[in-house]
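What follows is each chain in one-letter form.
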Amino acid sequence: MASPILQAESSECGIACLAMVLRHHGGPADLFELRRRFGSSLKGQTLKGLIQQANAAGFSTRPLRLELSQLGELSLPCVLHWDLNHFVVLSKVGRSAVTVLDPAVGERRLSLAEVSRHFTGVALELAPTADFEAEAPAPRVSLGALTGKVTGLWQSLAQILAVAVVLELFAITAPLMQQLVVDDVLTAGDRDLLTVLVLGFGLLLIVQTLIGLARSWMVIVLGQTLSLQWASNVFGHLVKLPVAFFERRHLGDITSRFGAVQDIQRTLTTAVIEAMLDGLMAMAALVMMLIYAPSLAAVTVGAVVLYGVLRWASYRPFRDAAAERLVVAAKENSHFLETLRAMTPLKLFGREDERRARWQNLLVEVQNRDLRTARMSMAFGTANAFIFGLENLLVLWLGAKLIMGGMVGGGVSSGAGLSIGMLFAYLSYKTQFSTRVSALINYAVDLRMLRLHAERLADICLEPPELDQLPDNDLGHLAPSIELRNVSFRYGEGEPWILKGANFRIEAGESVAVVGASGAGKTTLLKVALGLLKPTEGEVLYGGQPVRHLGVANFRRQIGTVMQEDVLLTGSLADNIAFFDVQPDRERVQVCALMAQLHDDISRMPMGYETLVGDLGSGLSGGQKQRLLLARALYKAPRVLALDEATSHLDIANERAVTAAIAHMQLTRLVIAHRPETIAGAQRVVQLVQTPQGGQVLELARVVPAETSEAAMPT
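Taking an unreviewed UniProt entry as the reference, the protein is identified by name as Peptidase domain-containing ABC transporter belonging to Pelomonas parva. Regarding the protein, the UniProt comment filed under Subcellular location (unreviewed entry) reads as follows: "Cell membrane".

Spelled out as structure tokens, the structure:
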């Protein structure tokens, strides 16, 4: 089989394995298309779901339970269940080792003892059926589709190229000085000619240096321009992606993929220009080599061709090693960031050493890939040095024979017509030729390697953003009611329904509490109602109008929210309450803090509202964070207030005060809560319960007065 297809999401190892088997049989192996076709569950893939997807892709499937000794009897490639929570592709079985394509880290050659520690004993054979259709590979995505439009690119490239061409013209004349000094100055002892030559070429050197400085500066400016525009384009697309995209990926992996922009920019800033220049310079040097000595030129060209063949043959191993390194490095980075964020619980549970050991294992995996690349680089460098060392010896040997043959024939003008000065000039030209062509080959390989970075960047750039093309519109004329009409939702095909046929309506000004067992899908319900998750079936309405007709952005401007996973940003308390409004209303900031019962706490702080908030809200208590988030939601002047356990960290007195302050506001409220005090403040209670079919359904509980006791709450 070819190189592995690496998963882009933490839970899509199943469809990545299916993509590898599809590619082996000549089918479409586009991971993005498979993800769009089959969906991707946030909770991972089951064997049953993988079988359904394989059948839909045109395979007959045969799940097996077998012993380790029976691996050689499987029809390859097949899928193995791995570590109880992962899938890999078995591609080769040897006497003492097997080769698996792991979508998480790449190709792995493991001993049977290592396989025994991971293999669960379950395998899935896949064979193409009559319905299987081999398809041509999907067209490659252009770089412009990934990075967006860049203004002034071609104009800047043309300017740099023009300056560089002039610079190379000076470089092509340098060997002529060596020939003139050796053949004319040294043989004739002409000191005046030497002085003229040195002054003339010295002046050329000064001009060449100044033009080189100008070119370098232009390349730096172009690099900064590309970096700014490309990074801005990709980041602008990234922030428009739906919430589900970020929930399916580790933070370190997203960071790693976004960093591909810099890798692409660095390569293209130099590669495009240098490749064109090296091509022109190589052609000019080759012409001069042929003029001086065609037989010697054949030796040099042969060495360069051999280098190109060697470089091309080593491309695949280098690419696979680089791809695997990017994946394991992203895992190591994610683990590092998670460790920093979880430092308090790690210390409380005494798990620092275990966390450090796991990080070291991930770092060792990164270093193993680096070591693999270093070994290949060492072997390639040795072969490269041998090829051009041998070429240099052959050129010197043949060149010396040509010179001596010409002398035997009665002087330089007879025989081969090669003088000592001409040999020196040829050596300079052949060095330029071999260096430039080698660099050109390396640039070609680097450009092909950009496909690796482009594939990783495509995971961001090809992900469709939230569809919201409607213009800004004030929805103040609509009543602030929210309705779920026949809404069903599940995270992926084959997953159980979280919501199934949900119908309920929150009238304008009404306060509704959503209750249910933990994990019943209350937060999912809220995210669907807020437009963060798209319903699988049905639709959400605001003011009696479908949200998709009103525009998600217009709809969200009507809503203030406090979510369970809400975070604070680095800045002052006032900045966080105003959520970094470019023109904050300081008076409104204070009013919202008063309603959230936070003003007194802020007044006791040394810097008041200018007190700085640490990373993710460090330095504040849980109750202070929640009240600050509530003040932020109120600053938005919403018509609908959605709260997901927003007062769970508050004491009863503060919660009652906050509830009373909000109750006097003309707001529609949707509250998810477990605490009886919070539920008692609602006018109506909606309960989420399990159905015998395993799905989720909404049931409307009876109206609950505000003074209802805990005993009257639905269970």
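Colleague: Would you explain the overall build of the protein in this entry?
Modeller: Scanning the protein from N- to C-terminus turns up 24 helices and 18 strands. Scored against the burial criterion, the 715 residues of the protein give a buried share of 47%. Partitioning the contacts of the protein with sequence separation of at least 6, the portion at a separation of at least 24 is 75%. Surface summary for the protein: the accessible area is close to 35400 Å², and the carbon and sulfur share equals 60%.

Colleague: Can you help me understand the UniProt feature "transmembrane region" (unreviewed entry) in the protein in this one?
Modeller: According to UniProt, the feature "transmembrane region" (unreviewed entry) maps to residues 152-172, 193-214, 280-310, 378-400 and 406-427 in the numbering used here. Annotated as residues 280-310, this span is 97% helix and 0% strand, and its ends, taken at the C-alpha atoms, are 23 Å apart. Segment residues 378-400 splits into 100% helix and 0% strand. End C-alpha atoms: 33 Å apart.

Colleague: How should the layout of surface pockets be read in this particular structure?
Modeller: Taken as a whole, the second largest pocket encloses approximately 1800 Å³ of empty space. For the second largest pocket, the lining is made up of 44 residues, of which Val243, Glu565, Asp566, Val567 and Phe579 are closest to its centre. Going through the elements one at a time, α7 (191-238), α8 (243-247), α9 (251-258), α12 (315-341), α16 (522-529), β12 (559-562) and α22 (622-635) are the ones with two or more residues in the lining of the second largest pocket. With five residues, α9 is the largest single contributor of residues to the lining of the second largest pocket.

Colleague: I'm lost on the sheet that holds strand β4 (residues 97-102) in this one. Help?
Modeller: Whenever strands of a sheet pair, they do so through backbone hydrogen bonds, lying parallel or antiparallel. Across the sheet, which stays open at both edges, the six strands sit in the order β1-β6-β2-β3-β4-β5 with antiparallel pairing between neighbours. Unpaired on one side and paired on the other, β1 (59-65) and β5 (106-111) mark the two borders of the sheet. For this sheet the average axis-to-axis angle between neighbouring strands, irrespective of direction, equals 30°. Taken together, the four bridges between strand β2 (residues 78-82) and strand β6 (residues 119-128) define a ladder with antiparallel strand orientation. Paired with Cys78 across the two strands is Glu125, which belongs to β6. The strands touched by helix α1 (residues 13-24) within the sheet are β1, β2, β3 (86-93), β4 and β6, with β3 carrying the most contacts at an inclination of about 30°. The sheet strands contacting helix α3 (residues 47-56) are β1, β2, β3 and β6, and the helix crosses β1 at an angle near 155°.

Colleague: How should the environment of Asp468 be read in this particular structure?
Modeller: Locating Asp468 in the fold gives a position in the loop between α15 (420-461) and β7 (482-489). A relative accessible area of 26% means that Asp468 is categorised as partly exposed. Considering only alpha carbons, one finds Asp468 and Arg548, 80 residues apart in sequence, at a separation of 7.8 Å. Apart from the residues within four sequence positions on either side, Asp468 is in contact with Gly551, Val552 and Ala553.

Colleague: Teacher, can you tell me more about the environment of Leu418 here?
Modeller: Here Leu418 is to be found in the loop between α14 (352-408) and α15. Each C-alpha atom, one on Leu418 and one on Ala400, is 9.1 Å from the other, the two residues being 18 residues apart in sequence.

Colleague: Any chance you could explain the pattern of salt bridges here in plain terms?
Modeller: The tally for this structure, following the rule as stated, stands at 20 salt bridges. Two residues, Glu483 and Arg505, come together in a salt bridge whose shortest N-O distance is 3.1 Å. Here the residue Glu483 occupies a position in strand β7, and Arg505 occupies one in strand β8 (residues 499-506), the gap between them amounting to 22 residues. Relative accessible area serves as the criterion here: at 30%, Arg505 is assigned to the partly exposed category. Where Glu565 meets Lys527, a salt bridge forms, and the shortest distance between an N and an O atom there is 3.3 Å. Taken together, the residues span a long stretch of sequence, with Glu565 in the loop between β12 and β13 (571-572) and Lys527 in helix α16 at a distance of 38 residues. The partly exposed category is assigned to Glu565, whose relative accessible area is 45%. Classification of Lys527 as buried rests on a relative accessible area of 8%.

Colleague: Explanation requested: the pairing of strand β9 (residues 511-516) in the structure shown.
Modeller: Where a strand is regular, its side chains alternate between the two sheet faces. Among the six residues in β9, six count as buried, and that is most of the element. Both β9 and strand β16 (residues 668-672) contribute to a ladder of four bridges, which runs parallel. Bridged to Val514 within β16 is Ile672.

Colleague: Before we go on, may I ask you to explain the packing of aromatic side chains in this structure?
Modeller: Aromatic ring pairs are defined here through the distance separating the ring centres and the angle between the ring planes. For the structure on display, the rule yields six aromatic pairs. Judged by centre distance (5.7 Å) and plane angle (50°), the rings of Tyr307 and Phe388 are tilted. Of the two residues, Tyr307 is situated in helix α11 (residues 294-313) and Phe388 in helix α14; the sequence distance between them amounts to 81 residues. Side by side, Tyr307 and Phe388 carry an identical accessibility label, which is buried. Put simply, the rings of Tyr307, Phe380 and Phe388 touch in pairs and so form one group of aromatic residues. Positioned over the ring face of Tyr635 is Arg588, at 6.0 Å from the centre of the ring. When the ring centre of Phe579 is taken as reference, the NZ or CZ atom of Arg632 above it lies at 4.3 Å.

Colleague: How should I be thinking about the environment of Asn55 in this particular structure?
Modeller: Following the sequence through the fold, Asn55 ends up in helix α3. Along the chain, Asn55 and Asp131 lie 76 residues apart, while their C-alpha atoms are 9.7 Å from each other. Apart from residues no more than four positions distant in its own chain, Asn55 is found in contact with Ser60 and Thr61.

Colleague: Explanation requested: unusual backbone geometry in the structure shown.
Modeller: With omega at -5°, the peptide bond leading from Leu76 into Pro77 counts as cis. Its location among the elements puts Pro77 in the loop between β1 and β2. Its identity is not glycine, yet Ala637 carries a phi of approximately 55°, on the positive side. You can see Ala637 is positioned in the loop between α22 and β15 (640-644).

Reading the values: rules and limits
- Residues numbered from 1 in each chain as written.
- Predicted model: local features only at pLDDT ≥ 70, side-chain atom pairs only at ≥ 80, totals over all residues.
- Heavy atoms only, no water.
- UniProt positions renumbered as here; feature names shortened; annotations may be inferred.
- Helix = DSSP H or I, 4+ residues; strand = E, 2+ residues; numbered from the N terminus.
- Buried < 20%, exposed > 50% of the residue type's maximum accessible area, 1.4 Å probe, protein only.
- Contact = heavy atoms within 4.5 Å.
- Areas by Shrake-Rupley, 256 points an atom, 1.4 Å probe, with all protein chains shown as cover.
- 1 Å grid on protein atoms, 1.4 Å probe; cavity = no way out; pocket = protein on both sides within 12 Å on 5 of 7 lines; lining within 4 Å.
- Points joined across faces, edges and corners; volume = space filled by probe spheres on them.
- Pairing = 2+ DSSP bridges.
- Axes fitted to C-alpha atoms, helices over the stretch in contact; angles between N-to-C directions.
- Salt bridge = Lys/Arg side-chain N within 4 Å of Asp/Glu carboxyl O.
- Phe/Tyr/Trp six-rings, centres within 6.5 Å; stacked < 30°, edge-to-face > 60°.
- Lys NZ or Arg CZ within 6 Å of the ring centre and 35° of its normal.

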